[in-house]
Amino acid sequence: MGTLRNIALTVHELEVGEFYWVLMEGSDHQMEDCMPYVALEASCTPYGSYSDALVAGVAALRKMFGKDGPRT
């Protein structure tokens with residue numbers, strides 16, 4: 001089984017009441033006191049609530065990486 005990748009899920013409210021999920025991956029780029037992330041995929045259409053966008057983001061994560069998670 002491969003190494004687990006560092007994937008993060010966040011939700012952005014770009015307009016009031018419009019929520020988008022974003023999947024990001026931790027970068028190997030060295031920075032002092034922080035870990036930079038690079039966007040992998042994001043929703044194209046907004047969700048009406050934070051929780052709806054979050055659930056959709058988890059579904060996208062599972063679809064993208066399967067039951068074993070994001071492994072290399």
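This structure is a prediction, so every number in the text was calculated from the model and none was measured. (Residues numbered from 1 in each chain as written. Predicted model: local features only at pLDDT ≥ 70, side-chain atom pairs only at ≥ 80, totals over all residues. Heavy atoms only, no water.)

## A few points about the overall build of the protein chain
And then number 1: Scanning the protein chain from terminus to terminus reveals 1 helix and 3 strands.
And then number 2: When the helices and strands of the protein chain are listed from N to C terminus, the series reads β-β-β-α.
And then number 3: Each principal axis of the C-alpha distribution contributes one length, and for the protein chain these read about 35 × 35 × 15 Å.
And then number 4: Across the protein chain, every contact between residues at least 6 apart in sequence was considered, and the portion connecting residues at least 24 apart equals 49%.
And then number 5: Of the roughly 5200 Å² of accessible surface on the protein chain, 54% is carried by carbon and sulfur atoms.
And then number 6: Both charge centroids of the protein chain, one from 5 positive and one from 10 negative side chains, sit 17 Å from each other. (Helix = DSSP H or I, 4+ residues; strand = E, 2+ residues; numbered from the N terminus. Contact = heavy atoms within 4.5 Å. Areas by Shrake-Rupley, 256 points an atom, 1.4 Å probe, with all protein chains shown as cover. Lys, Arg positive; Asp, Glu negative; His and termini not counted. Charge placed at Lys NZ, Arg CZ, Asp CG, Glu CD.)

## Remarks on the environment of A8
And then number 1: Mapping A8 onto the fold places it in strand β1 (residues 7–15).
And then number 2: Distance from A8 to E25, taken between C-alpha atoms, is 6.2 Å for residues 17 residues apart in sequence.
And then number 3: In this view, A8 contacts V22, L23, M24 and Y37; residues no more than four positions away in its chain are not counted.

## Quick notes on the pairing of strand β2 (residues 18–26)
Walk down a regular strand and you will see the side chains alternate between the two sheet faces.
And then number 1: Here β2 lies mainly inside the structure; 8 of its 9 residues are buried.
And then number 2: Inspection of the sheet shows β1 paired to β2 by 8 bridges, in the antiparallel sense. Bridged to A8 within β2 is M24.
And then number 3: Where β2 lies against strand β3 (residues 37–42), 5 bridges are found, and the strand directions are antiparallel. The residue bridging V22 from the neighbouring strand is A42, located in β3. (Buried < 20%, exposed > 50% of the residue type's maximum accessible area, 1.4 Å probe, protein only. Pairing = 2+ DSSP bridges.)

## A closer look at the pattern of salt bridges
And then number 1: Applying the stated criterion across every chain, the model contains 2 salt bridges.
And then number 2: Between D68 and K67 there is a salt bridge, and its shortest N-O distance comes to 3.7 Å.
And then number 3: According to the relative accessible area criterion, K67 is exposed, its value standing at 77%. (Salt bridge = Lys/Arg side-chain N within 4 Å of Asp/Glu carboxyl O.)

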